[in-house]
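These are the residues of each chain, in order.
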Amino acid sequence: MPDVEMAKATDKKEDKKDEKKDDKKPEPKPEPPTPTQEIKANIALIDRAINDLETRFTHRVLRSLTALRKRINDKVLRDAIEENYPKDSVVKNSLLSWLPPAPPAEQSMEVDASSEANATAPLPPLKPTSDPVPEAEIYFRLLIIHHLHTSKDTYSKSIELSHETVDKMQSMNRRSMDPIAAKIWFAVERSYELGGELADARPMFLAAQRTASLRHDDDTQASLINRLLRGYLHYNLYDQADKLVSKTTFPASASNPQYARYHYFLGRIKAVQLNYTAAHTNLQQAIRRAPAAKTAPGFYQAVHKLFVIVELLMGDIPDRSLFRHPVLEKALSAYFDIVKAVRTGSLSEFQSTLNKHAVQFEADKTYTLIVRLRQNVIKTGIRRLSLSYSRISLRDICLKLHLDSEEDAEYIVGKAIRDGVIEGRIVHEKGWMECGSQKDGYGSEASEVFGRRIGYCLDLHNESVKAMRYPLNAHRKELAAAQDAREREKELAKEIQEGDLDDDEGLGDY
């Protein structure tokens, strides 16, 4: 009998284990929402943002714009507009007029699908009886403009829709529309750029920037300043871009992507103006504030291309690990060749590399900056020669650096000695250069480097303190606790003075 009971008990335990295993089976993952469902959910969030006066819901909708606009097409936009607007809506007809009509085959398929659904599935949700908030219409127009950018045949149509959207936006004059308006201005600029008419949009951007500044609309103001700077730099109008920067104040509450663009444009302006230290600082800020490399690879590559050239112009050599980054490895291959030529101080290698990748450098708008590196290559070569030789003739310098004549070599060596690149002197009578002892690493240059590092650390600390969040009214709890402690101390002191407490109180029999 005990053996039988033990066998039954073990069988029950095995059954329970099997049940637990069945319970632990992974549940099927829910299917991601379709683009139409996502747009409908976004419209609901926009409506909630207007009713609750919470702009964070609108910002949540706009954060999904980049991924959503890659999934939309004519059918998705038509279905989304049909689901969110009543049948006889004027706004609905206006939005559908910018999209091609549905093909007859698609209409017949919809009729067949609806008849089958009526026979098997429950009734579909009722269509809305009234139009959604005006911000929803502007959001739909934003999606349609981005959709029109996907084909060259619709570039002119996107410019017309952009004009109409801007007029409607300005006539409504709603502050709850400001976050979406900032995205609209980006789409307007993209429409003009694809249509080859970017310069024609500048007066409209300037007028809108003045209006946004007067209304303290930080989102739109930051977007428009970046639009104007990009337009100026597109046509190489660096003086006008510098004047715009000096006469405007970038909003402190702007988002990180807008700040990243602004610092990148500032870095380009300062680099052209030979202010490499300021350009280096701005480009570092752009890299820190930029989105992740896989999220915005184009911007990440453009910033690093300029960053590498600025570092070379400052006399520094970029870290080799930078060129091994998976997003940057292919894009920076030509710049890596330039870095190798500058590092070795070979003028012939630098010139051949420049000629080989000239087309790419001109497309990246870094060709004029790279041409300036010729003097750095020569200085590097002279420094290497000064370390290798205690005395070398100007003729040998001319041959090793591939210079045109001995007069050029004498001028370049004299300038390097005057600038402090090397220590030595030129003996004109005998035609050679005598090299002196090298400087140690504890001069004024080292203190300047330490000063820059300390300043960077202090700026980073201040930005971190500003970015910290503190719970609301948390200090009041600490004040209340301190007040209670002071009252207990006063009561204890009063009792001691009155003699209520004895030294032996509470010791029991001891």
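Everything quoted here is computed from the prediction, not taken from an experiment.

Another aspect to go through is the overall build of the chain. Summing up its helical and strand segments, the chain has 25 helices and three strands in all. A buried classification covers 37% of the 510 residues belonging to the chain. Here the analysis covers contacts within the chain between residues at least 6 apart in sequence; of these, 64% occur between residues at least 24 apart. Carbon and sulfur atoms make up 52% of the accessible area of the chain, which amounts to about 31,900 Å² in all.

Backbone geometry places L53, a non-glycine residue, at a positive phi of 55 degrees. Relative to the elements of secondary structure, L53 occurs in the loop between helix 2 (35-52) and helix 3 (55-63). For L274, which is not a glycine, the phi torsion comes out positive at approximately 70 degrees. Assignment of secondary structure puts L274 in the loop between helix 14 (256-272) and helix 15 (276-289).

F57, T58, V61 and L62 are the residues of helix 3 that are buried. All buried residues of helix 3 fall inside an arc of 140 degrees around its axis, so they share one side. Of the surrounding secondary structure, the elements contacted by the buried residues of helix 3 are helix 2, helix 4 (65-68), helix 8 (134-148) and helix 10 (178-194).

The next point concerns empty space enclosed by the protein. Gaps left between atoms show up when a probe the size of a water molecule is rolled over them. In this structure the tally under the stated criterion is two cavities of 30 Å³ or more. In this structure, the second largest cavity occupies an estimated 40 Å³ of space. Forming the boundary of the second largest cavity are L198, R202, F205, R227, L228 and G231. Elements supplying a minimum of two residues to the lining of the second largest cavity: helix 11 (202-214) and helix 12 (218-234). A total of three residues in the lining of the second largest cavity trace back to one element, the largest contributor, which is helix 12.

This part is about a negative patch on the surface. On the surface, a cluster of negative charge is made up of D484, E487, E491, E495 and E498. By secondary structure assignment, the location of E495 is in helix 25 (residues 474-498). A relative accessible area of 33% means that E495 is categorised as partly exposed.

Glancing now at the nonpolar core. By size, the foremost hydrophobic cluster in this structure holds 120 residues, and its most contacted members are I39 and F350. With 10 residues, helix 16 (residues 297-313) is the single largest residue contributor to this core. The contacts of I39, once residues within four sequence positions are left out, are L68, I72, V76, A80, Y139, F140 and L143.

Next up on the list: the side chain of N282. Tracing the chain through its elements places N282 in helix 15. At 2.9 Å, the side chain of N282 and the backbone oxygen of A278 are in polar contact. What N282 contacts, discounting residues up to four positions off in sequence, is H263, L266, G267 and K270.

Taken as a whole and assessed by the stated rule, the structure comprises eight aromatic pairs. Ring geometry for Y264 versus F299: centroids 5.7 Å apart, planes at 75 degrees, classification edge-to-face. On the criterion of sequence distance, the pair formed by Y264 in helix 14 and F299 in helix 16 is long-range, its members being 35 residues apart. Each member of the pair Y264 and F299 is classed as buried. When the centroid spacing of 5.1 Å and the interplanar angle of 65 degrees are considered together, the rings of Y335 and F361 count as edge-to-face. Of the two residues, Y335 is situated in helix 17 (residues 333-344) and F361 in helix 19 (residues 358-364); the sequence distance between them amounts to 26 residues.

All right, on to the packing of helix 14 against helix 15 then. Relative orientation of the contacting elements helix 14 and helix 15 amounts to 160 degrees, with a least axis distance of 8 Å. Taken together, helix 14 and helix 15 sit at an angle that is classed as roughly antiparallel. The crossing of helix 14 and helix 15 is left-handed. Within the contact between the two elements, helix 14 uses N256, P257, Y259, A260, H263, Y264, L266, G267, K270 and A271 and helix 15 uses Y276, A278, A279, N282, L283, Q285, A286 and R289.

Okay, the side chain of H280 next. In this structure, H280 sits in helix 15. Under the relative-accessibility criterion, H280 is labelled buried at 12%.

To continue, consider the environment of P179. The residue P179 is located in helix 10 in this model. Residues P179 and D218, spaced 39 residues apart in sequence, show a C-alpha to C-alpha distance of 9.1 Å. For P179, the contacting residues outside a window of four places in its chain are T58, H59, L62 and D219.

All right, on to the pattern of salt bridges then. Taken as a whole and assessed by the stated rule, the structure comprises 16 salt bridges. The closest approach of N and O atoms between D79 and K75, which form a salt bridge, is 2.9 Å. Of this pair, D79 and K75 both sit in helix 5 (residues 74-84), four residues apart, which is roughly one turn of the helix. E82 is the salt-bridge partner of K92, the closest N and O atoms lying 2.8 Å from each other. Separated by 10 residues along the polypeptide, K92 in helix 6 (residues 90-96) and E82 in helix 5 bring together distant segments of the chain. The network of salt bridges with shared partners includes E189, R190, E193, R227 and R230.

Turning our attention to helix 14. Between the first and last C-alpha of helix 14 there are 25 Å, a value that for 17 residues agrees with the 24 Å anticipated at 1.5 Å per step. Counting buried positions over the 17 residues of helix 14 gives 12, a clear majority of the element. Within the sequence span of helix 14, burial applies to Q258, Y259, A260, Y262, H263, Y264, F265, L266, G267, R268, I269 and A271. Residues of helix 14 that are buried in the fold lie against helix 12, helix 13 (238-247), helix 15, helix 16 and helix 20 (367-371). Once helix 14 finishes, L274 follows within two positions and takes phi at roughly 70 degrees, a positive value.

About the cut-offs
- Residues numbered from 1 in each chain as written.
- Predicted model: local features only at pLDDT ≥ 70, side-chain atom pairs only at ≥ 80, totals over all residues.
- Heavy atoms only, no water.
- Helix = DSSP H or I, 4+ residues; strand = E, 2+ residues; numbered from the N terminus.
- Buried < 20%, exposed > 50% of the residue type's maximum accessible area, 1.4 Å probe, protein only.
- Contact = heavy atoms within 4.5 Å.
- Areas by Shrake-Rupley, 256 points an atom, 1.4 Å probe, with all protein chains shown as cover.
- Arc of directions from axis to C-beta.
- 1 Å grid on protein atoms, 1.4 Å probe; cavity = no way out; pocket = protein on both sides within 12 Å on 5 of 7 lines; lining within 4 Å.
- Points joined across faces, edges and corners; volume = space filled by probe spheres on them.
- Patch = residues over 30% accessible without salt bridge, like charges linked within 9 Å, V, L, I, M, F, W, Y side chains within 5 Å.
- Salt bridge = Lys/Arg side-chain N within 4 Å of Asp/Glu carboxyl O.
- Lys, Arg positive; Asp, Glu negative; His and termini not counted.
- Charge placed at Lys NZ, Arg CZ, Asp CG, Glu CD.
- Core = buried A, V, L, I, M, F, W, Y, C linked by side-chain atoms within 4.5 Å.
- Polar contact = N/O pair within 3.5 Å; in protein donor to acceptor, adjacent residues only side chain to side chain.
- Phe/Tyr/Trp six-rings, centres within 6.5 Å; stacked < 30°, edge-to-face > 60°.
- Axes fitted to C-alpha atoms, helices over the stretch in contact; angles between N-to-C directions.
- Parallel < 35°, antiparallel > 145°, perpendicular 65-115°, else oblique.
- Left-handed = near helix turned anticlockwise from the far one by under 90°.
- Expected span 1.5 Å × (residues − 1).

This is a description of form; function is not addressed.
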